[in-house]
Amino acid sequence: MSKKCPLEYHSTGRKGKIEVIATKPCLTAEDLSLAYSPGVAEPCLAIEKNPADAYKYTAKGNLVAVVSNGTAVLGLGNLGALAGKPVMEGKGVLFKRFADIDVFDIELNTEDPDEIIKTCQLLEPTFGGINLEDIKAPECFYIEETLKKTMQIPVFHDDQHGTAIISSAALINALDLIGKKIEDIRIVVNGAGAAANSCAKLAIALGVKPDNMIMCDTKGVIYKGRTEGMNPYKELFAADTHFRTLEEAAQGADVLFGLSVKGAFTADMIRSMAPNPIIFAMANPDPEITPEAAYAVRSDVIIATGRSDYPNQVNNVLGFPFIFRGALDVHASCINEEMKLAAVHALARLAREEVPDSVSKAYGNVKFTFGRDYIIPKPFDPRVLLHVAPAIAQAAMDTGVARQPIADMDLYREQLERQHGTSKEIMRMIINKAKSDPKTIAFPEGDNEKILRAAKELVEEGIAKPILIGDRKKIVEKMAELNMDLDVPIIDPTEYERTENYAQELYQLRQRKGLTLSESLRVLRRKSRTHYGSMMVRTGDADALLGGIDTHYPETIRPALEVIGKQKGLSSVHGLYMMVFKKEIFFLADTTVTIDPTPEELAETAILAAEKVRILDIEPRVAMLSFSNFGSVNHQQTKKVKRAVEIVKERAPDLIIEGEMQADTAVSPQLLEGFGFSKLKSRANILIFPDLNSGNICYKLLHHLGGAEAIGPILMGMDKPVHVLQRGDSVDEIVKMAAIAVVDAQSAPLSACAEPRSQRTSHGHSTYDSFPAAAGMFAKGDIQ
């Protein structure tokens, strides 16, 4: 990267990287009187009576000070307070991006530790926590120790403890992979500064025996009796050993921690270590040894660095945002050792879980699986917040430093999810609804890797009961390849006992459409698994169909229409998309099916969309869109929309709907005020487009240019629940659509063509659990 790029990044537009945004309106004189005098006097008086109310009436509880004097800026040394400011602003960006914590960066122009201590103490009323940053050792130890003793808010020196927490989590997993016990290993720590000191202490807290640890600095091994370059903090790790150099100490060592300088580890050192050596070369920006150099010496090495372009990055952003999030949320008085250990174990556990597609996409579609090249989560893994912050909060409560304990940790996790945006909140509600009564979902592409991974998540989370359709042997082989033990029914159309029944019914449906009985059997057994899944839904052997991950949209919807059909009384089926922005959600229709709808079809779209939205416990407000506002343009296209509005008002008189209207009028309360007669008093949340052109174009532009998350398409008007995946959907998107399908099935009436399940016991699968007894189709136990 050239010097020009970061300089342009920091100087383009508003200078720097941060700004202050008001969280309350300040548009009117009344707003101003509430924000400042005289209204502001009331919270002042309340806080005077009860200081804890500062967390209620001010930003204190979500505000952290990043304090530095610039004496140890990154790997650049003592640049001074002002030159360190870009780093502190950057730290604030990371706090906000990963944990929604606000930050003021405080650069102090002093190298006197007592002045830094005094300043932080004086700032305690302002902040909920103090993050010390880029202050050189040994002064940083004295500053943090003093502040922790004298302040009642969390104080955390990230350069020390952040690196220690992340590397300790990686160490736990690396030892697990090679089968070594932490109490048996010999570890060498090269470096004696802030991070090295904390890494050594935390490793001992995890179980490393002090006698099995050797620390080195620029003078060599720190041993008992050494006087040169010593201080009280190094003295804590002085070893009773005959080793005097790093080279000597590395011989036979199991673990080598580098918190020093580029090139400190040589090939000979790596070669001399014990089998399966663990090397954490964490010097920045250049490690003590590169992974290429280490692998060139021996292939059994596990290596981590601080670099994002190598596997196993020890990145402090995995720690400090989430540690402070958990501490702030319980009003912790400090961050103690138990809280740090809780973060270590939370990160170690998370690395062993399956990695979602969203993380892979953030890293160029690289797949991550727990192993030698993946022993620590990735910084852009959104699950880190949900694992670390609750662990910190729980540890704070368990150790008595939480002044506002959390009563319901499950609810707290849901609240954390909302910090990722409205989509998390909406989808959590949908998923919880699905969990309350999981339904069976037929997946026609049962051998697709993403479908299998989604099925695993659906089962583990209790969201749905997947049924995999496809070649049984291929599915089982794919599961073995993915090392997946998945206990779900596999329905192979070539051998399943109900296939001939399905073929007979398909023949009855399509015999006057040119389909013979033998052709029906061939379609179901060999040609179209979507037809097969649709027959399962039609007969009630499955509650919903979800397919299309490998096919074009029409190739999924056409078989479903042929077999299941649309609801009686409807003229068409319709497609709906949920467009989720950070603060709001909109529903757009028809975006996928009807090209040039009639007024009746537009009215159907609006009514069906409103019904779907109500199922999600959202009150629908419908706008019928056009290029005209309430008759301002007299054209056949606007007349069509106007007539559709009239039909809806006749059929659903209680529905809040207006039109025809322009898109900006529909979403702008200020513009709506100009139409006092309108039933729509606030912005619409359902937007009905006059044709497929406009609807399809709009949702794609909002998704790709407007930054909205597009959830869908949700198919409306089918006689039984059928939903279509998009080619390229991620596992997370498949899970979301499956949850929507389950909620849809929960509210769907039993079709006239489906037998009640209680009457289908002769088929041997009246419930999901009885599938394997009849067909022997479960995957579990089949993987050799």
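Residues numbered from 1 in each chain as written. Predicted model: local features only at pLDDT ≥ 70, side-chain atom pairs only at ≥ 80, totals over all residues. Heavy atoms only, no water.

1. Section: the overall build of the protein
And step 1. Along the backbone of the protein there are 32 helices and 21 strands.
And step 2. In terms of principal-axis extent, the alpha carbons of the protein reach across some 100 × 75 × 50 Å.
And step 3. Excluding contacts between residues fewer than 6 apart, the proportion of contacts in the protein whose partners are at least 24 apart in sequence is 70%.
And step 4. Averaged over its 90 positive side-chain charges, the protein has a centre that lies 3 Å from the centre of its 104 negative ones. (Helix = DSSP H or I, 4+ residues; strand = E, 2+ residues; numbered from the N terminus. Contact = heavy atoms within 4.5 Å. Lys, Arg positive; Asp, Glu negative; His and termini not counted. Charge placed at Lys NZ, Arg CZ, Asp CG, Glu CD.)

2. Some thoughts on the packing of aromatic side chains
And step 1. Under the criterion given, the structure shown has 15 aromatic pairs.
And step 2. Between phenylalanine 98 and phenylalanine 322, the aromatic rings sit 6.4 Å apart at their centres with planes inclined by 80 degrees, giving edge-to-face as the arrangement. Of this pair, phenylalanine 98 sits in helix H5 (residues 85-99) while phenylalanine 322 sits in helix H14 (residues 320-329); the two residues are 224 residues apart in sequence, bridging distant segments of the chain. Here phenylalanine 98 matches phenylalanine 322 in class, with each residue buried.
And step 3. A ring pair is formed by phenylalanine 675 and phenylalanine 677, whose centres lie 6.0 Å apart and whose planes are at 80 degrees; its orientation type is edge-to-face.
And step 4. Its relative accessible area of 56% is what places phenylalanine 677 among the exposed residues.
And step 5. One aromatic cluster is present, formed by Phe95, Phe156, Phe320 and Phe324 through successive ring pairs.
And step 6. In this arrangement the basic side chain of lysine 91 is found over the ring face of phenylalanine 320, its NZ or CZ atom lying 3.8 Å from the centre. (Phe/Tyr/Trp six-rings, centres within 6.5 Å; stacked < 30°, edge-to-face > 60°. Buried < 20%, exposed > 50% of the residue type's maximum accessible area, 1.4 Å probe, protein only. Lys NZ or Arg CZ within 6 Å of the ring centre and 35° of its normal.)

3. Looking at the packing of helix H22 (residues 499-510) against helix H24 (residues 529-538)
And step 1. Where H22 contacts H24, the two axes come as close as 10 Å, and the packing angle between them is 90 degrees. Relative to H24, H22 is oriented roughly perpendicular. On the side of H22, the interface is formed by Thr499, Tyr502, Glu505, Leu506 and Leu509, while H24 contributes His531, Tyr532, Met535, Met536 and Arg538.
And step 2. Looking at the contact of H22 with H24 residue by residue, the class counts come to six nonpolar, two polar and two charged. (Axes fitted to C-alpha atoms, helices over the stretch in contact; angles between N-to-C directions. Parallel < 35°, antiparallel > 145°, perpendicular 65-115°, else oblique. Nonpolar A, V, L, I, M, F, W, Y, C, P; charged D, E, K, R; others polar.)

4. Concerning the pairing of strand E18 (residues 656-661)
And step 1. With five of six residues buried, E18 lies mostly within the body of the structure.
And step 2. Here five bridges tie strand E17 (residues 621-625) to E18, and the two strands are oriented parallel to one another. Paired with leucine 625 across the strands is methionine 661, a residue of E18.
And step 3. As a crossover connection, the stretch from E17 through helix H27 (residues 636-651) into E18 is right-handed. (Pairing = 2+ DSSP bridges. Right-handed = clockwise from strand over helix to strand, strands pointing away.)

5. A few points about the sheet that holds strand E20 (residues 709-716)
Note on sheets: strands pair through backbone hydrogen bonds, and any given pair is parallel or antiparallel.
And step 1. Taken together, six strands build an open sheet; the order of strands is E18-E17-E19-E16-E15-E20 and the sheet is mixed. In the strand order of this sheet, the two ends are held by E18 and E20, each with one partner. Strand-to-strand twist of the sheet, defined as the mean angle between neighbouring strand axes without regard to direction, takes the value 20 degrees.
And step 2. Two elements, strand E15 (residues 574-580) and strand E16 (residues 585-589), share five bridges in a ladder whose sense is antiparallel. Its bridge partner lying in E16, leucine 576 is registered against alanine 589.
And step 3. Lying on the sheet, helix H31 (residues 731-747) is in contact with E15 and E20; it crosses E20 at an angle near 35 degrees.

6. Things to note about the sheet that holds strand E4 (residues 155-157)
And step 1. Read from one edge of the open sheet, four strands run E2-E1-E3-E4, paired in parallel fashion. Single-partner strands in this sheet number two, and they are strand E2 (102-107) and E4. Across this sheet, the average inter-strand angle for adjacent strands is 20 degrees, counted without regard to direction.
And step 2. Across six bridges, the pairing between strand E1 (residues 63-68) and E2 is parallel. Bridge pairing links valine 67 to isoleucine 106 in E2.
And step 3. Most of the contacts of H5 go to E2, to which it runs at about 165 degrees, and overall it touches E1, E2 and strand E3 (129-132).
And step 4. Those strands touched by helix H7 (residues 139-150) are E3 and E4, and its axis lies near 165 degrees from that of E4.

7. Observations regarding the side chain of lysine 612
And step 1. When you line up the elements, lysine 612 lands in helix H26 (residues 599-615).
And step 2. The class of lysine 612 is buried, set by a relative accessible area of 17%.

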